[in-house]
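Reading the structure
In case you want the letters, here they are:
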Amino acid sequence: MAQTPRYRFAPSPTGYFHVGGARTALYNWILALQNNGVFVLRIEDTDDSRNNPQWTKGILEALAWLGIDSSDSHFEGPLFQSANAALHVAAAEKLFEQGKAYYCDLSTEDIQKRAKESGKQGYDGYSRDRGLGPGEGRVLRFRVPQSLTIVQDEVRGSVEFDNSTIEDFVLLRGNGSPVFLLANVVDDITQGITHVVRAEEHLPNAPKQQMIWQALGVTPPSWAHVPVLVNEQRKKLSKRRDKVAVEQYREEGVIAAAMKNYLMTLGWAPTGDTEIVPFEKITADFKLGSVNHSPAFFDIVKLQSFNADYIRAMTVDEFIRACEPWLVGAKAPWQASDYDAKVFAEVAPLVQTRVQLLQDVPSMVDFLFCDLPTIDDAAFTKAFAPEWASSTLIEIREGFTTCEFTPDALKAVVEAVGEKHSLKLGKLQAPLRVAVTGRSVGPPLFEPIALLGRDATLKRIDVAIAKKV
RNA sequence: GCCCCCAUCGUCUAGUGGCCUAGGACACCACCCUUUCAAGGUGGCGGCACGGGUUCGAAUCCCGUUGGGGGUGCCA
């Protein structure tokens, strides 16, 4: 009778939510889904001064954004580590009573001094047999048994650690509070965790924690240590120097589905030749055993490419809805009163294939929602450099005053002028584009011009010609 | 220093002894299409770190070298 597998994700609320954390969460989430198990979210908010409730909120929101929240029955939590402090201490005391841990009154300086004198690194087990009891300033250390600890890891196989290389590590600080190594294990035990899937940086902790599980008389969980995400220098992604905040990518207009899909291609790949696949396929395909063993570079360029792909795959309506935060409200670069949702809906299909990030959208359409566009000087200078630029623009203006104001008719006017002067449409439209949009690149020109209307268009052309002269 | 992990195109990966003349994706380049820019299409560039084994046969197994990474806290 197999028990329900229980996975967990245990972040500490010390900053923005890290993309590496997001990937670990996704792994655990997928495993819980595919094995009909439980995903326990545990916030490890033990007395670290870096903790802040605001970060907890951020973690919850970011996970929810990725589709990991209590609306799904596989989700359990959030649980807070700080609430279990008494349990952690009780477990430590039990270990002390059983002689599996002992108190030590050496300060960090004392330990360093002894290490220096003996020439051996780390704590030397000085207080092992001194029979010290608890007391202010005394730390409780785990009595590491003399043996070999073998960690069975689902991605790495069996990893052996000679216990003689593991010092008697601290369980309880001098002030009596539990350290991560202990609190983490006690919580896992009390929460019935059966599978620990986490980043490789924790691999050195695994033998220590496995010993604690055993010392507490509980069968250790199944371990899996997945490779870390690295930056261009192949160093572990860090909050300090790398762009790792999930929140930030979201702000820029990365789609959650794209982020999930991309993250899952780091260290693993869905079956088949396509890597952009529905989350359902990932959930069905994923196997811990086929996760890569080496670190993966978090490539923002590729993430954006995935994102652009996801944007293009949307229906126009979905796209319009997804753009909303960037079009109305605080993020919009224009006055709310100047924005016209109907106009945007018309050009939406034109911009959909041209953006990688949703935040790129406003700058593609802003010229439609202002009186006069902001002219990019470099673009203007270049577009109006040819001697024919102004004169042909005047001719085009001429045509625009009388023609039907539809994309086709407008295009015909410009083409006619082009034919007269043997200029290709691509070249000829440059000054027009800058005059109307302020930029040298953008969505196809004639649809927006038709939307803009005759008066506004002629006005912009006049302004541009005046500027030239 | 010590412990542990890792090693396929620039990057992410497929590959589990013959299907490999190593496949796909991102990036890059070229061409086509084209209303600028994209998108799309076609093609191109580019890799099994090195050295030894094992085997009829090795990207795949073993050993070593080199190179990278993680850890080494009274952080998590």
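Residues numbered from 1 in each chain as written. Chains lettered and ligands numbered in written order. Predicted model: local features only at pLDDT ≥ 70, side-chain atom pairs only at ≥ 80, totals over all residues. Heavy atoms only, no water.

Focus on the pairing of strand 9 (residues 195-199)
We count it as follows: Note on classification: 1.4 Å probe, protein chains only; a residue is buried when its accessible area is under 20% of the maximum for its type, exposed when over 50%, partly exposed between these limits. Going along the chain from the N terminus, every DSSP run of H or I of four or more residues is numbered as a helix, and every run of E of two or more is numbered as a strand. Think of it like this: strands point away, you trace from the first strand over the helix to the second, and a clockwise trace means the crossover is right-handed.
For strand 9, the buried fraction is high: five of the five residues fall into the buried class. Once the chain exits strand 9 it traverses helix 6 (residues 205-215) before rejoining the sheet at strand 10 (residues 222-226), and the crossover so formed is right-handed.

Describing the pattern of salt bridges
To keep things clear, this is the line we draw: We define a salt bridge as a side-chain nitrogen of Lys or Arg found within 4 Å of a carboxyl oxygen belonging to Asp or Glu.
Applying the stated rule across the entire model yields 23 salt bridges. In this structure, R156 engages E200 in a salt bridge whose closest nitrogen and oxygen atoms are separated by 3.6 Å. Of this pair, R156 sits in the loop between strand 6 (148-153) and strand 7 (157-162) while E200 sits in the loop between strand 9 and helix 6, and the two are 44 residues apart along the sequence. The salt bridge involving K302 is made with E275; its shortest N-O contact spans 2.9 Å. Of this pair, K302 sits in helix 10 (residues 300-313) while E275 sits in the loop between helix 8 (256-264) and helix 9 (279-285), placing them 27 residues apart in sequence.

A look at the packing of aromatic side chains
What counts is decided by this rule: Ring pairs shown here join Phe, Tyr and Trp side chains whose ring centres sit within 6.5 Å, with only the six-membered ring taken for Trp; geometry is labelled stacked below 30 degrees between planes, edge-to-face above 60, and tilted in between. Lysine and arginine charges are scored as sitting over a ring when NZ or CZ, respectively, is within 6 Å of the ring centre and within 35 degrees of the ring normal.
For the structure shown, the criterion picks out 17 aromatic pairs. Seen in terms of ring centroids, Y27 and F286 are 4.8 Å apart; in terms of plane orientation they differ by 40°. Their pairing is tilted. Residue Y27 is located in helix 1 (residues 19-34), and its partner F286 is located in the loop between helix 9 and strand 12 (296-297); the two are separated by 259 residues in the primary sequence. Exposure remark for F286: the relative accessible area of 1% places this residue in the buried category. Ring centres 4.8 Å apart and planes at 70° place the aromatic pair F96 and Y103 in the edge-to-face group. Classification of F96 by relative accessible area gives partly exposed; the value is 27%. Judged by relative accessible area, which is 7%, Y103 ranks as buried. Clustering of aromatic rings is evident, with ring pairs tying together F9, F17, W29, F39 and F75. When the ring centre of W326 is taken as origin, the NZ or CZ atom of K331, which lies over that ring, is 4.2 Å away. Over the ring of F380 we find K467, and its NZ or CZ is 5.0 Å from the ring centre.

With respect to the protein's contact with RNA strand B
For the record, the criterion: A molecule or strand has a residue near it when one of that residue's heavy atoms lies within 4 Å. In protein, a polar contact requires one atom able to donate a hydrogen and another able to accept it; more generally it is a pair of N or O atoms within 3.5 Å, and residues adjacent in sequence count only if both atoms are side-chain atoms.
As a structural note, the neighbourhood of RNA strand B is formed by 59 residues, with R173, K235, G267, R354 and G442 the closest of them. For RNA strand B, the backbone makes up 69% of the atoms found within 4 Å of the protein, where backbone means sugar plus phosphate. Interatomic distance of 2.9 Å between a backbone N/O atom of F180 and a phosphate oxygen of RNA strand B. K236 is positioned with one of its side-chain polar atoms (N or O) 2.8 Å from a phosphate oxygen of RNA strand B. Breaking the surface near RNA strand B down by element, the ones donating at least two residues are strand 7, strand 12, helix 10, helix 17 (425-437) and helix 18 (446-452).

Side note on helix 5 (residues 180-190)
The α-helix winds at 3.6 residues per turn, so residues separated by three or four positions along the chain end up facing the same way. Let me state the cut-off plainly: Any two residues having at least one pair of non-hydrogen atoms within 4.5 Å are treated as being in contact.
The buried count for helix 5 comes to eight of 11 residues, which makes it a mostly enclosed element. Among the residues of helix 5, L181, L182, A183, N184, V185, V186, D187 and D188 are the ones counted as buried. Buried-residue contacts for helix 5 involve strand 1 (6-9), strand 2 (38-43), helix 3 (85-97), strand 8 (170-172), strand 9 and helix 6. Positioned one or two residues after helix 5, G192 has a phi angle of 65°, which is positive.

Everything listed is a geometric property; what it means functionally is a separate question.
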